[in-house]
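Given next are the chains, with one letter for each unit.
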Amino acid sequence: MSAAGPGSTGPQGAEVSPSGSAPVAIATAPSRRWRRAVLKISGEALASEANNETIDAMVVHRMAKEIAETVMELGTELAVMVGGGNIWRGSTGQGEGIDRATSDTMGMLGTVINALALQDAIEREGQPTRVLSAISMAEVCEPYIRRRAVRHLEKGRVVIFAAGMGQPYFTTDTPAALRAAEIEAQVILKGTHSGVDGVYDADPRLNAGAQRFDEIGFMEVVARDLRVMDLTAITFCRDNRLPILVFDLMTPGNIRTALSGEAIGTLIR
Ligand code: UDP
């Protein structure tokens, strides 16, 4: 099932057919579709229900290894926006009785913990990283400065964005979109951890007949109320012509597939 998007411009190393249908990699760089990307990883993707771990070292290691290997192999400039839902999620009302702005700040601090776990794991694989936090904590990591983020990427470091955008009343979806626009990333890779491998016309966990879109337009996502990302993030991406690739993060090999431009998940554009 495919809902054609409007775009005709593909990222460097790829072309998109004029009809807006499946992306076509050009012969010279078939395995380097995205030159610069933001990968959104939910905090819950780092947890493990089976082991009752807030941060499961095995899961983090698997993801970090794939990120490091892919970046080194493809040369993709990659920034990761990591969430904090495995630790604290103010946006869903966790912490009843706690002031919302305070609760959200606790959530942002949770993302810093996850960012440090990812940093450690990615660097163990030999890939340099920098954590850039939207809330200053000079003893722990660098502050987020746009030009510094870009410079790190140019030097081949994986940038890990921590503390979302440093403001309450948001989740990390919107800062993922904001940072992607700021650093001129070509795509947001939204990795899911729920077993849903793209955007469907109905919840595939509840409806066996649900159909997955290969592509879908921003407006249709909004009109159908398909909850793939926060609405604020979706409309921001629409306004700034930033495509979002939704894919299953938990299947080994998928990060590589997503970054290399091979068909996977659903492209929203
Ligand atoms: N948060 C925030 N501002 C931001 C980013 C995050 O206030 O810019 C808070 C918010 O309470 C959110 C929590 O941090 O619920 C954790 O982030 P998120 O819910 O996005 O984590 P994820 O679901 O991706 O694990």
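Residues numbered from 1 in each chain as written. Predicted model: local features only at pLDDT ≥ 70, side-chain atom pairs only at ≥ 80, totals over all residues.

## Some points on the site of the ligand
Okay, step 1: Near the ligand you find 22 residues, and of these G83, G85, G90, G107 and G164 are the closest.
Okay, step 2: At five residues, helix 2 (residues 100-124) tops the list of elements feeding residues into the shell around the ligand.
Okay, step 3: Among the residues making up the shell around the ligand, the classes are represented as five nonpolar, 14 polar and three charged. (Near = placed C-beta within 6 Å. Helix = DSSP H or I, 4+ residues; strand = E, 2+ residues; numbered from the N terminus. Nonpolar A, V, L, I, M, F, W, Y, C, P; charged D, E, K, R; others polar.)

## Digging into the confidence of the model for the protein
Okay, step 1: Summing up the model confidence of the protein, the mean pLDDT is 89 and the portion of residues at 70 or higher is 88%.
Okay, step 2: The least confident element of the protein is strand 1 (residues 14-16), whose mean pLDDT is 35; the most confident is strand 7 (residues 158-162), at 99.
Okay, step 3: Within the model, pLDDT remains below 50 along residues 2-32, and this stretch shows 61 contacts once partners closer than five positions in the same chain are excluded. (pLDDT = per-residue confidence, 0-100. Contact = placed C-beta atoms within 7 Å.)

## Structural notes on the sheet that holds strand 11 (residues 266-268)
Okay, step 1: Pairing is mixed in the open sheet, where nine strands are placed in the order 6-5-7-4-3-8-10-11-9. Only two strands of the sheet have a single partner each, and these edge strands are strand 6 (142-143) and strand 9 (215-216). (Pairing = 2+ DSSP bridges.)

## Focus on the pairing of strand 10 (residues 244-248)
Okay, step 1: Counted residue by residue, strand 10 has four buried out of five residues, so it is predominantly covered.
Okay, step 2: Where strand 8 (residues 187-192) and strand 10 come together, five bridges link them in parallel fashion. The residue bridging G191 from the neighbouring strand is F247, located in strand 10.
Okay, step 3: Sheet topology note: the strand 10/strand 11 ladder contains three bridges and is antiparallel. Each bridged residue has a counterpart across the sheet, and for L245 the counterpart in strand 11 is L267. (Buried ≥ 20, exposed ≤ 12 C-beta atoms within 10 Å, placed from the backbone.)

## Description of helix 2
Okay, step 1: For helix 2, spanning 25 residues, the distance from its first C-alpha to its last is 37 Å, which sits close to the expected 36 Å at 1.5 Å a residue.
Okay, step 2: Where helix 2 terminates, the next one or two residues include G126, which has phi positive at roughly 90°. (Expected span 1.5 Å × (residues − 1).)

## So, the nonpolar core
Okay, step 1: Core analysis: the biggest nonpolar cluster contains 74 residues, and V38, A79, V80, L118, I160, A162 and I188 have the highest contact counts within it.
Okay, step 2: If near-sequence neighbours (up to four positions away) are discounted, I188 is found in contact with V38, K40, A176, A177, A180, C237, L242 and I244. (Core = buried A, V, L, I, M, F, W, Y, C linked by C-beta atoms within 7 Å.)

## As for the pairing of strand 4 (residues 77-82)
Okay, step 1: The buried fraction of strand 4 amounts to six of the six residues, a majority that puts the element mostly inside the structure.
Okay, step 2: Side chains E77, A79 and M81 of strand 4 all project onto a buried face; the interleaved residues L78, V80 and V82 project onto the opposite face, where all are buried too.
Okay, step 3: Pairing analysis gives six bridges linking strand 3 (residues 36-41) to strand 4, with the strands arranged parallel. Each residue of the ladder has a partner; that of L39, found in strand 4, is V80.
Okay, step 4: Once you follow strand 3 into helix 1 (residues 57-74) and on to strand 4, the crossover reads as right-handed.
Okay, step 5: In terms of strand pairing, strand 4 meets strand 7 through three bridges, oriented parallel. Looking across to strand 7, one finds that M81 is bridged to F161. (Right-handed = clockwise from strand over helix to strand, strands pointing away.)

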